[in-house]
Amino acid sequence: MMIIEAMSLVGEQTKSDDFDDFWNRQIQLVQGKELNTHFQPTTFSGQKEKVFKVSVEGLDGTPVIGWYIHHSPKPGKGCLITTHGFKSSRKSPSHYAHWTSIGYDVIAFDVRLQSGETGFNSPISGPLIGNVCTLNLLDEESYYLKHLYTDTMMMIRLGKSLGYSTIVLEGTSQAGGLMLAAGALLGQVNYILANVPSFSDMENRVRKGTGSLKSIQTYLSIHPDREKEVMRVLSYFDLKNMADRIHAPVYCSVGLLDQTCPAENFYPAYSRITSPKQLVCYPYNGHEGGSDLHKEKELALLAAFIEQIG
């Protein structure tokens, strides 16, 4: 295990000229949207905290489904927002007991069109090849990841609306990428934990066909004439192009044998983060990263952090 304070592997930035205008417009839409929510009390055996099934309307009207778990009789000091890895779901409320055990309340949501309950109300265009990462691939305004990034920002708004002054974002793989993106774009968070994160250095990941982006490589094998347009669209969602907007402290990890979200593809994003940061590298681990060992480190870090905020 190695702890790295800074990386020199910056890589090439691929921002389009209208990158900032595009995202500033999306942020205004997120901030200006009426927060349409629905809370349904839910009982789970052995769960000491209060649990609600919550629905939050995305920008396109899609209900994003999740759990809201909070301490009783009053909410905890901080709220941790999280989601799941690719093709998974938010699972049972008990899955988050380690966070509630150190004093955090939890919002955990299902990503669109994966194994959970969140659907997709927007129009779908183009062929769906391999997985959802090719959904609306030729248009940044309707591309699949735009909805995931803005959904995550809406969850931050939900946490704020519930009265939390301390918001922590946490996630692994797909979820790690989403939390870094939302923290960069919307801000309003106090800490970001991202394990083996996805969505960084996407052009190189597509060319090597790693992880969920293998489907885009397959798409381009059928439509090689569309490479320039596809890479242009992906550039809007590449963490290395937005990492300099992150202001919260970050605690990240990579597995140096990871073939799904390779460590070398995360370094260009990490290098551009200017807020306090720490990267833990696990030399003999793959996409599992530090697994339970790293989770213990995160728990210790966040337990100390929640004590600091009083």
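For the structure, see preceding data.
Since the structure is predicted, the reported quantities are computational estimates derived from the model, not experimental observations.

### Thoughts on the packing of aromatic side chains
To describe a pair of aromatic rings, one takes the distance between the centres and the angle between the planes.
Step number 1: Applying the stated criterion across every chain yields a total of 16 aromatic pairs.
Step number 2: For the pair Phe 22 and Tyr 236, a centre-to-centre distance of 4.9 Å together with 55 degrees between the ring planes defines the contact as tilted. Highlighted residues: Phe 22 in helix α1 (residues 19–32) and Tyr 236 in the loop between α7 (227–235) and β9 (250–255), separated in sequence by 214 residues. Just as Phe 22 is buried, Tyr 236 falls in that class too.
Step number 3: With a centroid separation of 6.2 Å and 25 degrees between ring planes, the pair formed by Phe 52 and Tyr 68 is classed as stacked. With Phe 52 in strand β3 (residues 50–57) and Tyr 68 in strand β4 (residues 63–70), this pair connects stretches of sequence that are 16 residues apart. An identical accessibility class is assigned to Phe 52 and Tyr 68; each is buried.
Step number 4: A cation sits over an aromatic face here: Arg 90 above Trp 67, 4.1 Å from the ring centre.

### Looking at unusual backbone geometry
Step number 1: Backbone geometry places Asn 136, a non-glycine residue, at a positive phi of 60 degrees.
Step number 2: If you trace the backbone, Asn 136 turns up in the loop between β6 (104–109) and α3 (144–161).
Step number 3: The class of Asn 136 is buried, set by a relative accessible area of 2%.
Step number 4: With a phi angle near 35 degrees, Val 196 is a residue other than glycine that sits in the positive phi range.
Step number 5: Along the chain, Val 196 turns up in the loop between β8 (191–195) and α5 (202–208).
Step number 6: According to the relative accessible area criterion, Val 196 is buried, its value standing at 2%.

### Quick word on the packing of helix α6 (residues 214–222) against α7
Step number 1: Running from N to C, α6 and α7 point in directions that differ by 155 degrees, and their axes come no closer than 10 Å. In terms of orientation, α6 lies roughly antiparallel with respect to α7. Between α6 and α7, the residues in contact are Ile 216, Tyr 219 and Leu 220 and Glu 227, Val 230, Met 231 and Leu 234, respectively.
Step number 2: Residues belonging to the contact of α6 with α7 are distributed by class as follows: six nonpolar, no polar and one charged.

### Focus on the environment of Asp 151
Step number 1: Structurally, the position occupied by Asp 151 is in helix α3.
Step number 2: According to the relative accessible area criterion, Asp 151 is buried, its value standing at 3%.
Step number 3: Taking the C-alpha atoms as reference, Asp 151 lies 9.4 Å from Phe 109; in sequence the two are 42 residues apart.
Step number 4: Those residues within four positions of Asp 151 in sequence are excluded, and the remaining contacts are Gly 58, Val 64 and Arg 112.

### Thoughts on the pairing of β9
Regular strands place their side chains on alternate faces of the sheet.
Step number 1: The buried fraction of β9 is high, at six of six residues.
Step number 2: Neither face of β9 is open: one carries Val 250, Cys 252 and Val 254, the other Tyr 251, Ser 253 and Gly 255, and all of them are buried.
Step number 3: As defined by bridge partners, β8 adjoins β9 across four bridges and the pair is classed as parallel. In the strand pairing of β9, Ile 192 is matched with Val 250.
Step number 4: The pairing of β9 with strand β10 (residues 277–282) spans six bridges and is parallel. When the sheet's bridge partners are listed, Gly 255 is paired in β10 with Tyr 282.
Step number 5: Running through helix α8 (residues 263–272), the crossover from β9 to the neighbouring parallel element β10 is right-handed.

### Describing the state of the cysteines
Disulfide: a covalent bond connecting the sulfur atoms of a pair of cysteines.
Step number 1: Summed over the entire model, instances satisfying the criterion amount to zero disulfides.
Step number 2: Just so you know, Cys 252 is unpaired, no disulfide at all, and the nearest cysteine sulfur is the one on Cys 281, 10 Å from it.
Step number 3: Residue class for Cys 252 comes out buried when judged on its relative accessible area of 0%.
Step number 4: Here Cys 261 stays free of any disulfide, with the sulfur of Cys 133 as its closest cysteine sulfur at 10 Å.

### Details of helix α4 (residues 174–185)
Step number 1: Between its first and last C-alpha atoms α4 spans 17 Å; for 12 residues at 1.5 Å apiece the expected length is 16 Å, and the two agree.
Step number 2: Counting buried positions along α4 yields 12 of 12 residues, so the element is predominantly enclosed.
Step number 3: The first or second residue beyond α4 is Gly 187, which carries a positive phi of 70 degrees.

Criteria and thresholds
Residues numbered from 1 in each chain as written. Predicted model: local features only at pLDDT ≥ 70, side-chain atom pairs only at ≥ 80, totals over all residues. Heavy atoms only, no water. Phe/Tyr/Trp six-rings, centres within 6.5 Å; stacked < 30°, edge-to-face > 60°. Helix = DSSP H or I, 4+ residues; strand = E, 2+ residues; numbered from the N terminus. Buried < 20%, exposed > 50% of the residue type's maximum accessible area, 1.4 Å probe, protein only. Lys NZ or Arg CZ within 6 Å of the ring centre and 35° of its normal. Axes fitted to C-alpha atoms, helices over the stretch in contact; angles between N-to-C directions. Parallel < 35°, antiparallel > 145°, perpendicular 65-115°, else oblique. Contact = heavy atoms within 4.5 Å. Nonpolar A, V, L, I, M, F, W, Y, C, P; charged D, E, K, R; others polar. Pairing = 2+ DSSP bridges. Right-handed = clockwise from strand over helix to strand, strands pointing away. Disulfide = S-S within 2.5 Å. Expected span 1.5 Å × (residues − 1).

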